[in-house]
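# Architecture and fold: a report
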Protein chains: 2
Amino acid sequence: MPSLSINPPARLLMGPGPINADPRVLRAMAAQLVGQYDPAMTGYMTETQQLYRTVFGTSNEHTLLVDGTARAGIEAALVSLIEPGDRVLVPIFGRFGHLLREIAERAGAEVHVREVEWGQVFTPAAIEQAIRETRPKLLAIVHGDTSTTMMQPLDELGEICARHDVLFYTDVTASLGGNTVETDAWGLDAVTAGLQKCLAGPSGSAPSTFSPRAAAVINARRSIEAGLREPGDPVSQNPIRSNYFDLSMLFDYWGPKRLNHHTEATTMLYGARECARLLVDEGLPQAVDRHRRHGAAMLAGVEALGLDVFGDLRHKMNNVVAVVIPDGVNGDSVRGALLNDFGIEIGTSFGPLRGLVWRIGTMGYNARQDTVLTTLAALEAVLRRAGASVVAGSGVGAAYDFYADTDSADDARQETP
Amino acid sequence: MPSLSINPPARLLMGPGPINADPRVLRAMAAQLVGQYDPAMTGYMTETQQLYRTVFGTSNEHTLLVDGTARAGIEAALVSLIEPGDRVLVPIFGRFGHLLREIAERAGAEVHVREVEWGQVFTPAAIEQAIRETRPKLLAIVHGDTSTTMMQPLDELGEICARHDVLFYTDVTASLGGNTVETDAWGLDAVTAGLQKCLAGPSGSAPSTFSPRAAAVINARRSIEAGLREPGDPVSQNPIRSNYFDLSMLFDYWGPKRLNHHTEATTMLYGARECARLLVDEGLPQAVDRHRRHGAAMLAGVEALGLDVFGDLRHKMNNVVAVVIPDGVNGDSVRGALLNDFGIEIGTSFGPLRGLVWRIGTMGYNARQDTVLTTLAALEAVLRRAGASVVAGSGVGAAYDFYADTDSADDARQETP
């Protein structure tokens, strides 16, 4: 078997991500390589930075890719911003809040957490109260947490952080491209993402952006690595604990100095650039509208099937819904039948929600009418076969009605995906 | 410009890496994604592990990909093996030895270095003497260092390390696939690599392997991360300082537990799997022979052009040669003319060799007769135009003669690349 060429089965990935990559992204990634300092390569790097400034809603100079998965971007931000002993506040409303805590602890921070029940988010007042109590250097909070489908409102937190002189970091892996993210308008200092959700690419590159204030904190610990260092180059007494994730070196690599660090992952860069290019061509507000529309259609469909939806819907991300598994139905059997009989993948869940909900995504390339209708039709068929009392045709019908009743602003894109 | 689709210029990459990817690798990477726990995906992960066991010459269970560039593999190995305060011995014979020192220092090690002049390597006796003097927990040494083109013989070091109870780590990024690497026979405990040299892929994935002894050291610090942890799961009092590079968690993700960590970079995995599949299909000894042959042809060609070669040729890697820039010739101008007029990239150099040598590679997909002859013809033309006294036709002629005089064991591959 190992000697066979790659030939993955056809899957429609309607879970919480990864989802199917846009074929245009995969085609861009099939382009041949150029050298690390070829003018074409440095030109692509510069273009990629400019494209992600638009995607993140920022004018930050320090906008770049971290070569790794979304989690690599989180760790690069936290290990570069945190010095051992620094206080960090992590409000947790799902699994990925726990991850921020974990990474901050390993970076040596004194971490203070606040938690709300899964399915809820924090009020700005609660965050400010926690800041008063803990006096952190850094607030680290997830924007959209796929584990609960909730999205934390961030628009009022930047002003609070600025007032208390707190750095403000967020992970937008799950939200970016399908929900509004305004780095500069919201006063964010550090934002990291991944490609495998609404950006319609494969996991493996972490677009990230850092405000001048964050960059100043990071560059204060700048150290040119042994092997490249020349007389007079800075050697920090308190260097960032990681070489690979040392953002001060990544800034030099992505900046006009082009100082060698790692060998940029060219194929992932081609993909990340194409993900951003497609979003910018579509328009960020239009992409958010598309995710809102197809997410609402999916929600209408599952509710019409008589299924309950988990969490505070006022704060649900556009691109994913958590559906309560009906009594008497085996959640894993339903997922297995969808995968094996229809080629459709939906998501399971973690922690307190394990075994209680399915997570169904409508994101990136798969935020489309055909994927929504097909998934609802398949889900209904599988549920009925599993013995659930579901009215035939109800889910697809409700989604069809939803589409008919709403305008078709995004039809052009749907017709020529 | 940013709105244009990717369209890199045609380049023949004959530097020290990255080189052109094998088109079959790029085609594999264009395959559509499947879900993270799809049986097809976990099957590809298992196949990839098995393929890299063959490539590394090991039966190590813990053979996997680190999702990042070659440098990510190095950091994952060092940060997972080293506890703060551990003594680490780093013999340095080029730039990447300095990198190992740098990464080990950031991981909190007490690092002891030994250095030889660039262009040389260490004797086993010198390494053993340094081990006696420094009593390290870990010996960390580069196998092939592209900065000098030298390859450190490792075959006698495993026995020395075992005798002194020292863990033995090496970075084979530059050597693997084009030079013999025998993980088990040489007694290596940890080995990391990258795709962008003799493996004929793009940078962005780091194949790595760990002996049972290394795995035991790493797993002694195992900690299940917050958010996934269940009652009874281990929580280390001395966890690995990085979450992303915590190999104990990567072992769980790649092992039968399949415990969620990052979202595997599927496209890079497809590429890494194809790189290994092509090497295994060719045969590792055959691939090494191919690199030896084309490296020797390139060496014969540059010497026939009257150019001096840097370093102790008894220890030169098969896949790269350092050519002394002749007096009166501007090295960067020659590289520029090769790139702009012929579309051929050769390498510059670092540190003590900066401005003194060019580095010319013959590796991976570009270890072929046509690339060698074309590069020599172009180099001669550019050198003559730059005023160097070069006998017309001498370099290509010598390489042609070399090919005619040696057997053609690898013609089959050349004809159907």
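Under an unreviewed UniProt entry, the name given to chain A is Alanine--glyoxylate aminotransferase family protein, and the source organism is Cryobacterium glaciale. One UniProt comment on chain A, placed under Sequence similarities (unreviewed entry), says "Belongs to the class-V pyridoxal-phosphate-dependent aminotransferase family."

## Overview of the overall build of chain A
For chain A, the count of helices and strands is 14 helices and 13 strands. With respect to the principal axes defined by its C-alpha atoms, chain A has extents near 75 × 55 × 45 Å. When burial is assessed residue by residue, chain A has 66% of its 417 residues classed as buried. Once local pairs closer than 6 in sequence are excluded, the contacts in chain A between residues at least 24 apart make up 72%. For chain A, the accessible area works out to roughly 13,800 Å², and carbon and sulfur atoms hold 50% of it.

## Quick word on helix α7 (residues 212-219) of chain B
All names here are of chain B. Along α7, the residues that are buried comprise A214, A215 and I218. Taken end-on, α7 shows its buried residues confined to a sector of 100°, consistent with a single buried face. Contacts from the buried residues of α7 go to β2 (62-66), α3 (70-81), β8 (167-171), β10 (206-210) and α8 (247-254).

## As for the relation of the copies chain B and chain A
At an RMSD of 0.0 Å, chain B and chain A line up after a rotation of 180° and a shift of 0.0 Å along the axis. Interpreted geometrically, this transformation is the action of a two-fold axis. Considering only C-alpha atoms, the part of chain B nearest the rotation axis is G68(B), at 2.4 Å. Looking at the interface residues of chain B, 100% of them are also at the interface in chain A, so both copies use one shared face.

## Some points on the UniProt feature "binding site: substrate" (unreviewed entry) in chain A
Residues and elements named next belong to chain A. UniProt feature "binding site: substrate" (unreviewed entry): in the numbering of this structure it lies at R359. Along the polypeptide, R359 turns up in strand β13 (residues 357-361). A polar atom in the side chain of R359 sits 2.8 Å from the backbone oxygen of T146.

## Side note on the sheet that holds strand β8 (residues 167-171) of chain A
Neighbouring strands of a sheet are bound in pairs by backbone hydrogen bonds; such pairs are parallel or else antiparallel. All names here are of chain A. Pairing in this open sheet of seven strands is mixed, and the strands run β2-β10-β9-β8-β5-β3-β4 from one edge to the other. Taken across any chain shown, the strands that pair with only one partner, and hence form the sheet edges, are β2 (62-66) and β4 (110-115). Direction aside, the axes of adjacent strands within the sheet are offset by 15° on average. The sheet contact formed by strand β3 (residues 87-92) and strand β5 (residues 138-142) spans two bridges and is parallel. In the strand pairing of β5, L89 is matched with L139. Across the face of the sheet, helix α2 (residues 39-56) comes into contact with β2, β9 (190-192) and β10 (206-210) while running at roughly 105° to β2.

## Section: the interface of chain B and chain A
In this assembly, 84 residues from chain B lie in contact with 84 residues from chain A. Regarding the contact of chain B and chain A, the summed buried area is about 6,700 Å², with carbon and sulfur atoms giving 56% of it. A per-residue breakdown of the area chain B buries against chain A is headed by I6(B), R71(B) and R106(B), which together make up 12% of the total. The tally of links from chain B across to chain A stands at four salt bridges. Measuring nitrogen to oxygen at the nearest pair gives 2.6 Å for the salt bridge that ties R11(B) to D38(A). Looking at the side of chain B that touches chain A, the elements with two or more residues in it are α1 (23-29), α2 (39-56), α3, α4 (95-106) and α9 (266-282) of chain B. It is α9(B) that contributes the most residues to the side of chain B that touches chain A, eight residues altogether. For the side of chain B that touches chain A, a count of residues per class yields 38 nonpolar, 24 polar and 22 charged.

## A short note on the environment of P153(A)
Residue and element names in this part refer to chain A. Counting through the fold element by element, P153 comes out in the loop between β7 (150-151) and α6 (157-163). Separated by 243 residues in the primary sequence, P153 and V396 have C-alpha atoms spaced 31 Å apart. Residues in contact with P153, not counting those within four places in the same chain, are V121 and H315.

## As for the domain arrangement of chain A
Often, the extent of an interface is quoted as the loss of accessible area upon association of its parts. Residues and elements named next belong to chain A. Segmenting chain A into domains produces domain 1 (21-279) and domain 2 (284-415). The centre of domain 1, based on its C-alpha atoms, is set 30 Å off from the matching centre of domain 2. Facing the 31 residues of domain 1 at the interface are 23 residues of domain 2. Between domain 1 and domain 2, roughly 2,200 Å² of surface is buried when both sides are summed, and carbon and sulfur atoms account for 65% of that area. Taken as a group, W118, T149 and L279 account for 24% of the area that domain 1 buries against domain 2, more than any other trio of residues on that side. Between domain 1 and domain 2 we count zero salt bridges in total. At the junction of domain 1 with domain 2, the criterion picks out eight residue pairs in polar contact (both at pLDDT 80 or more). Elements with a contribution of two residues or more to the side of domain 1 that touches domain 2: α1 (23-29), α2, β6 (144-145), β7 and α9 (266-282). Of the residues that constitute the side of domain 1 that touches domain 2, the class distribution is 13 nonpolar, 13 polar and five charged.

## Some details on the sheet that holds strand β9 (residues 190-192) of chain B
Residue and element names in this part refer to chain B. The strand order β2-β10-β9-β8-β5-β3-β4 describes an open sheet built from seven strands, whose pairing is mixed. Strand pairing shows two members of the sheet lacking a second neighbour, β2 and β4 (110-115), which therefore form its edges. Across the sheet, the axes of successive neighbouring strands diverge by a mean angle of 15°, strand direction being ignored. Taken together, the three bridges between β8 and β9 define a ladder with parallel strand orientation. Note that in β9 the partner of D171 across the bridge is T192.

## Quick notes on the side chain of S394(A)
Residues and elements named next belong to chain A. In this structure, S394 sits in helix α13 (residues 394-405). In terms of polar contacts, S394 uses its side chain to reach the backbone carbonyl oxygen of A304, at 3.3 Å. With sequence-adjacent residues up to four places away left out, S394 is seen in contact with A304, L305 and E380.

## Comments concerning the pairing of β4(A)
All names here are of chain A. With six bridges joining them, β3 and β4 adopt parallel strand pairing. Residue pairing for β4: I92 is matched across the bridge by E115. You can see the chain leave β3, run along helix α4 (residues 95-106) and come back into β4, and the turn it takes is right-handed.

## So, unusual backbone geometry
For the peptide bond that leads from G17(A) to P18(A), omega is 0°, which places it in the cis range. Within the secondary structure, P18(A) sits in the loop between β1 (12-13) and α1. Phi at D165(B) takes a positive value of approximately 55°, unusual for a residue other than glycine. Tracing the chain through its elements places D165(B) in the loop between α6 (157-163) and β8. Judged by its relative accessible area of 58%, D165(B) falls in the exposed class.

Definitions and limits used
- Residues numbered from 1 in each chain as written.
- Chains lettered and ligands numbered in written order.
- Predicted model: local features only at pLDDT ≥ 70, side-chain atom pairs only at ≥ 80, totals over all residues.
- Heavy atoms only, no water.
- UniProt positions renumbered as here; feature names shortened; annotations may be inferred.
- Helix = DSSP H or I, 4+ residues; strand = E, 2+ residues; numbered from the N terminus.
- Buried < 20%, exposed > 50% of the residue type's maximum accessible area, 1.4 Å probe, protein only.
- Contact = heavy atoms within 4.5 Å.
- Areas by Shrake-Rupley, 256 points an atom, 1.4 Å probe, with all protein chains shown as cover.
- Arc of directions from axis to C-beta.
- Least-squares fit on C-alpha atoms with pLDDT ≥ 70 in both.
- Polar contact = N/O pair within 3.5 Å; in protein donor to acceptor, adjacent residues only side chain to side chain.
- Pairing = 2+ DSSP bridges.
- Axes fitted to C-alpha atoms, helices over the stretch in contact; angles between N-to-C directions.
- Buried area = accessible area lost by both parts, 1.4 Å probe.
- Salt bridge = Lys/Arg side-chain N within 4 Å of Asp/Glu carboxyl O.
- Nonpolar A, V, L, I, M, F, W, Y, C, P; charged D, E, K, R; others polar.
- Domains from an automatic or database assignment.
- Right-handed = clockwise from strand over helix to strand, strands pointing away.

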